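# Observations on the three-dimensional arrangement
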Amino acid sequence: MAAVDYEYEVDHLVIGAGVVGLAIAEKLAARGGGSTLLVEKNAAAGQETSSRNSEVIHAGLYYPPDSLKTKLCIRGNEMMYDLCERYNVNHKQITKWVVGQSESDLEYLENLSKKADRLLPRTKRMPGPPTYLLSQEEMRAQEPFVKGRAALVSPRTGIVDVHELMQLLEARTQDHGGDLVLQCEVNGLEKLARGGFKVSMDTPAGPVVVKAATVINSAGLHSDMVYSMMQWPSVAPKATTIYTLAGDDASVKDASLADLDPTNFEPPLPPFKLHYCKGHYYGYSGKALVSRLIYPVPDRNLTSLGTHLTLDLAGRMRFGPDVLYVDDPHDYSIDPSTVGSTSSMKTVAQVIQTYLPAIKSSSLYADYAGIR
């Protein structure tokens, strides 16, 4: 009998306990019929991208109509509100304005509104129009501090306490019999010839090897590293001659290849590398000047949604993120001599003042950073 070279065996192994990994593990555990193990390299769940963002429930306005990102955002918007209401997760359907300053901005907003009408279905929860336009006079009556020629209103946009959301998903995963193991970092991943995966991990108690029938990579900023760990079983076939004719018709193949068990061989994964974009968020020590989220018209290539204004659930204003491409996905530091300097605050204030002129640079401060 062959020796077993793993300590544990599970049906589902989810790598990474950010909000995505937590949601996947919760759904798998709730479905039943198999064991679910969620592993996280940090000392707590959701310590990276999931807790370093704007906490916005987006409506699905910006991205290409046929993209998966758009489809998931539209469906997820309603599901998120349902979940938060059912389990009392702190949230608010606060609405968002996308504010235009120029003729080209106004044209963009009109096209965006038409796109939203086509894509966003009216539902029992959201019976009204998915977006509508406000004139300059209408804007001034509702938000006197906001400057713009017109604004697109997104009533479906909201904010959520992401920490409460993640605590809920973690608790529900464990309530359904799933396990979360912290400070557990995957360092090896091998597909087994007879099915399943061998996963090697480092833990405070020492190395551990787990056999998993299914592995889900939700490692966020480090998902490309996990992806690149994959080792595939290989079988050395007999000498083979292949002649490829026009139309990709191979005329001669070694018959022994057809007899190989297809689970014994798969080609290597194609190269995959993430590129990291660091964004700084800025707090404001003065009073809040608005009652909803305010976004400028985004870059046309959507590399950024602009330095926008969001509110937290306590009503405090914050601004960001900016865009800084970096090589290190671990560096969340804020350099007080550059990003946190007085001159930097003046530069940030000038950007914000295009739509919120009353903002004071002296009241801005560098608060935290996220990496996407």
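To be clear, the structure that these remarks concern was listed above.
Conventions we followed
Residues numbered from 1 in each chain as written. Predicted model: local features only at pLDDT ≥ 70, side-chain atom pairs only at ≥ 80, totals over all residues. Heavy atoms only, no water. Phe/Tyr/Trp six-rings, centres within 6.5 Å; stacked < 30°, edge-to-face > 60°. Helix = DSSP H or I, 4+ residues; strand = E, 2+ residues; numbered from the N terminus. Buried < 20%, exposed > 50% of the residue type's maximum accessible area, 1.4 Å probe, protein only. Lys NZ or Arg CZ within 6 Å of the ring centre and 35° of its normal. Pairing = 2+ DSSP bridges.

## Overview of the packing of aromatic side chains
- A complete count under the given rule lists three aromatic pairs for this structure.
- Here the aromatic rings of Tyr284 and Phe319 are separated by 6.3 Å at their centres, their planes lie at 80°, and the arrangement is edge-to-face. Of this pair, Tyr284 sits in strand S16 (residues 276-284) while Phe319 sits in strand S19 (residues 317-320), placing them 35 residues apart in sequence. The pair formed by Tyr284 and Phe319 is uniform in burial state, with each residue classed as buried.
- One Lys or Arg, Arg52, reaches over the ring of Tyr332 and ends 4.2 Å from the middle of that ring.
- Geometry around Tyr295 places Lys96 over its ring, the cationic atom sitting 4.3 Å from the centre.

## Focus on the sheet that holds strand S4 (residues 91-92)
- With respect to topology, three strands assemble into an open sheet ordered S3-S8-S4, the strand pairing being antiparallel. The two strands at the open ends of the sheet, each matched to only one other strand, are strand S3 (56-57) and S4.
- As paired elements, S3 and strand S8 (residues 158-160) share two bridges and run antiparallel to each other. Residue pairing in the sheet places Ile57 in a bridge with Gly158 of S8.

Note that every value here comes from positions in space, so none of it alone points to a role or purpose.
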